[in-house]
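Notes for the structure review
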Amino acid sequence: MEAIETRIEPADDAAVAEAARILRAGGLVAFPTETVYGLGADATQGAAIARLYAAKGRPAFNPLIAHVAAAAEARALAVFNAAAERLAAAFWPGPLTLVLPKRHGCPVAELATAGLDSIALRVPGHVVAQRILRAFAGPVVAPSANVSGHVSPTTAAHVLADLSGRIDFVVDGGPTPVGLESTIVACLDGDPVLLRPGGIARERIEAVLGRPLAAPRRPEAEGAPVAPGQLASHYAPRARLRLAATDVRPGEALLAFGPASLPGAAAAVATLNLSPGGDLVEAAANLFSFLRRLDASGAETIAVMPVPNHGLGEAINDRLRRAAAPRP
Ligand code: TXA
Ligand code: MG
């Protein structure tokens, strides 16, 4: 790929207008959402989406989420059943993505949906994302703004570290408040299915639906695009992760959680605590930036204390497992 100049601007009126202009011209714009920074392209321009896949080094079989400013725009692209309507009413704008049957004549490029007859849709709540989507006035596909397989970016600096020279523009709106990607729920035929745990806890979704979410039929297997997150070693830092650590071994960095201390912790190469008070929301917001910082400490291994699996802990543990998985 030929290097291009990547400009970065704080998220003011001029930057929002510039972002919309670049998107219309088929360019690539990174912008904050409440979950993580997204790398946006006009969802209707196949050539722009091809550039996006190339910039990320993303396997083209992995489909993208189309972002729109409001549920009414999402209804023009996909078919909502009763469950989808309830979830949209409860959680949009917000960190929820719905996978729905694509409408006949949906203008989103085939390349963005990887040839599936379903489409992933999200209405982000972040004020900067909202302003860019309204200024652009159309669907914007946006994967996380990182090189494929790296940790997702929660600051503009993370975006530049991965994508400088590969994208046109970064709108800097400060650190993202949720820190984990959106929860993905498929509302196709049959029961709603949790495809990816994320920024909205399973329990909150099940409370709105009045029933448990189903598990994907083919979790992680076969690289099938029906189940997202598919590549087991997604979200990987350079260092290896040792999960459920009950001690810290020589040369290790420590990713702590909660007030407890581990044997050997005093000798850790570097230590960051996701939430000393044991708050899972705070831990989610810190997860990706702390993984990056501990990775930068130079330690070969990061010992990770156990994180409870309820609430946002399910998504945190999902990302930690993927980060710990063997590399392809
Ligand atoms: O919070 C987020 O969701 C962020 C921000 C930027 O919105 N975006 C994000 O996108 O995490 P990405 O591309 O990193 O993850 C999108 C996931 C992928 O795992 C993909 O497989 C899945 O959504 N996906 C997209 N379309 C799908 C479909 N039609 N069926 C099943 N999974 C789909
Ligand atoms: Mg991603």
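Residues numbered from 1 in each chain as written. Chains lettered and ligands numbered in written order. Predicted model: local features only at pLDDT ≥ 70, side-chain atom pairs only at ≥ 80, totals over all residues. Heavy atoms only, no water.

This next bit is on the domain arrangement of the protein. Assigned domains within the protein: domain 1 (7-222) and domain 2 (240-324). Taking only C-alpha atoms, the centre of domain 1 and the centre of domain 2 are 27 Å apart. Contacts between domain 1 and domain 2 engage 24 residues on the former and 15 residues on the latter. In this assembly, domain 1 packs against domain 2 so that about 1500 Å² is buried in total across both faces, 55% of it on carbon and sulfur atoms. The largest per-residue losses of area from domain 1 upon contact with domain 2 belong to Val151, Leu180 and Pro197, which jointly make up 37% of the total buried on that side. Here domain 1 is connected to domain 2 by 2 salt bridges. Taking the shortest distance from any N to any O, the salt bridge between Glu314 and Arg202 comes out at 2.9 Å. On the surface where domain 1 and domain 2 come into contact, there are 6 residue pairs in polar contact (both at pLDDT 80 or more). Of all the secondary-structure elements, those providing two or more residues to the side of domain 1 that touches domain 2 are helix H7 (156-163), strand S10 (193-196) and helix H8 (202-209). The residue makeup of the side of domain 1 that touches domain 2, split by class, is 10 nonpolar, 8 polar and 6 charged. (Domains from an automatic or database assignment. Contact = heavy atoms within 4.5 Å. Buried area = accessible area lost by both parts, 1.4 Å probe. Salt bridge = Lys/Arg side-chain N within 4 Å of Asp/Glu carboxyl O. Polar contact = N/O pair within 3.5 Å; in protein donor to acceptor, adjacent residues only side chain to side chain. Helix = DSSP H or I, 4+ residues; strand = E, 2+ residues; numbered from the N terminus. Nonpolar A, V, L, I, M, F, W, Y, C, P; charged D, E, K, R; others polar.)

Our focus in this paragraph is the pattern of salt bridges. Pairing is possible between side chains of opposite charge, provided their charged atoms come close. Applying the stated criterion across every chain yields a total of 17 salt bridges. Put simply, Arg51 and Asp168 hold a salt bridge, and the shortest N to O gap is 3.5 Å. Of this pair, Arg51 sits in helix H2 (residues 46-56) while Asp168 sits in the loop between H7 and strand S8 (169-172), and the two are 117 residues apart along the sequence. Judged by its relative accessible area of 34%, Arg51 falls in the partly exposed class. (Buried < 20%, exposed > 50% of the residue type's maximum accessible area, 1.4 Å probe, protein only.)

A separate point is the environment of Ile167. Tracing the sequence through the fold places Ile167 in the loop between H7 and S8. Taking relative accessible area as the criterion, Ile167 reaches 0% and is therefore assigned buried. Spatially, the C-alpha atoms of Ile167 and Ala3 are 8.7 Å apart, while their sequence positions differ by 164 residues. Other than its neighbours up to four places away in sequence, Ile167 contacts Ile4, Glu5, Thr6, Leu28, Ala30, Leu39, Ala55 and Val159.

What follows concerns the sheet that holds strand S2 (residues 29-32). Here 10 strands make up an open sheet; going across it, the order is S1-S8-S2-S3-S7-S4-S6-S5-S9-S10 and the pairing mixed. Each edge of the sheet is formed by a strand with only one pairing partner; in this case those strands are strand S1 (7-10) and S10. Here 4 bridges tie strand S5 (residues 96-101) to strand S9 (residues 183-186), and the two strands are oriented parallel to one another. Residue Leu98 lies in a different strand from S9, and its bridge partner there is Val185. (Pairing = 2+ DSSP bridges.)

Further remarks concern unusual backbone geometry. Note on backbone geometry: most residues besides glycine have negative phi, and most peptide bonds are trans. Note that the residue after Trp92, namely Pro93, is joined by a cis bond; omega there is -10°. Along the chain, the position of Pro93 falls in the loop between helix H4 (82-91) and S5. Not every positive phi belongs to a glycine, and Ala137 is a case in point at roughly 60°. Among the secondary structure elements, Ala137 is positioned in the loop between helix H6 (127-136) and strand S7 (140-141). For Ala244, which is not glycine, the phi dihedral falls at a positive 55°.

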